[in-house]
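Structural characterization, general
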Amino acid sequence: MARKNFIREKRIYCGKEWLEVDIVPVTNMPEAGKGKTKESSQAQKNLNDKRSKRRFVQIANANFGEDDLHISATYNEEHLPMTLKEAEKNVHNYLDRVKRRMKRVTGQDLKYMLVTEYTPDEEDEDKAVRIHHHIIINGGLSRDDLELMWSTTRIN
């Protein structure tokens, strides 16, 4: 039985104020295979990366608004983490402090999205260079409180 070609409209609601609409041509496609047998091509990897970034933006638009904050958490030379694992531990400890304070001060639960960026060290794969974190967080605490809480991060 032959399938016909058609156009599909896909609506993506990202909260109350944001809507994305995709117009997707659907053509006759071969039946799906039994599983992945080879690594994705570079073009497919690029497309997957683009889609994951778009999905991140959609989730952020659906869950955060004007009263919410973006935090760029960086390290000074004294507290520079030696590994990516150490940096992840630091940022999660920070988010735990924010969570406790937000619950105590506002009665709200913490809602956040976190992205850690870094450059892999060319000499040592376990090390990372220029580690920093981008965090989108729901409002409720002052920017000064959030900055002070990050500045107390200690590496053990």
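Residues numbered from 1 in each chain as written. Predicted model: local features only at pLDDT ≥ 70, side-chain atom pairs only at ≥ 80, totals over all residues. Heavy atoms only, no water.

Re helix 2 (residues 84–105)
Spanning 22 residues, helix 2 covers 31 Å between terminal C-alpha atoms, matching the ideal 32 Å at 1.5 Å per step. Taken together, the buried positions of helix 2 are occupied by Glu86, Ala87, Asn90, Val91, Tyr94, Leu95, Val98 and Met102. Two residues or fewer past helix 2, Gly107 is found with a positive phi of approximately 80°. (Helix = DSSP H or I, 4+ residues; strand = E, 2+ residues; numbered from the N terminus. Expected span 1.5 Å × (residues − 1). Buried < 20%, exposed > 50% of the residue type's maximum accessible area, 1.4 Å probe, protein only.)

Side note on the pairing of strand 2 (residues 19–26)
The pairing of strand 1 (residues 6–13) with strand 2 spans eight bridges and is classified as antiparallel. Looking at the pairing, Tyr13 lines up with Leu19 of strand 2. Taking the residues between adjacent antiparallel strands as the criterion, strand 1 and strand 2 are bridged by five residues, where Gly15 takes a positive phi near 80°. (Pairing = 2+ DSSP bridges.)

Thoughts on the packing of aromatic side chains
In the structure shown here, the tally under the stated rule is two aromatic pairs. Their ring planes at 90° and their centres at 5.2 Å tell us that Tyr94 and Trp150 sit as a pair that is edge-to-face. Note that Tyr94 is positioned in helix 2 and Trp150 in helix 3 (residues 143–151), a separation of 56 residues in sequence. We note that Tyr94, like Trp150, is buried. (Phe/Tyr/Trp six-rings, centres within 6.5 Å; stacked < 30°, edge-to-face > 60°.)

Concerning the nonpolar core
By size, the foremost hydrophobic cluster in this structure holds 17 residues, and its most contacted members are Ile71, Tyr94, Val98 and Leu146. Elements supplying a minimum of two residues to this core: strand 3 (69–73), helix 2, strand 5 (128–137) and helix 3. With six residues, helix 2 is the largest single contributor of residues to this core. Excluding anything up to four places from it in sequence, Ile71 contacts Tyr94, His133, His134, Ile135, Ile137 and Leu146. (Core = buried A, V, L, I, M, F, W, Y, C linked by side-chain atoms within 4.5 Å. Contact = heavy atoms within 4.5 Å.)

Quick notes on the packing of helix 2 against helix 3
Here helix 2 crosses helix 3 at 140°, and the two axes come no closer than 10 Å. The angle between helix 2 and helix 3 falls in the class oblique. When the axes of helix 2 and helix 3 are compared, the crossing they make is right-handed. Only Asp145, Leu146, Met149 and Trp150 of helix 3 make contact with helix 2, whose side of the interface consists of Asn90, Val91, Tyr94, Arg97, Val98 and Arg101. Of the residues in the contact of helix 2 with helix 3, the class split is six nonpolar, one polar and three charged. (Axes fitted to C-alpha atoms, helices over the stretch in contact; angles between N-to-C directions. Parallel < 35°, antiparallel > 145°, perpendicular 65-115°, else oblique. Left-handed = near helix turned anticlockwise from the far one by under 90°. Nonpolar A, V, L, I, M, F, W, Y, C, P; charged D, E, K, R; others polar.)

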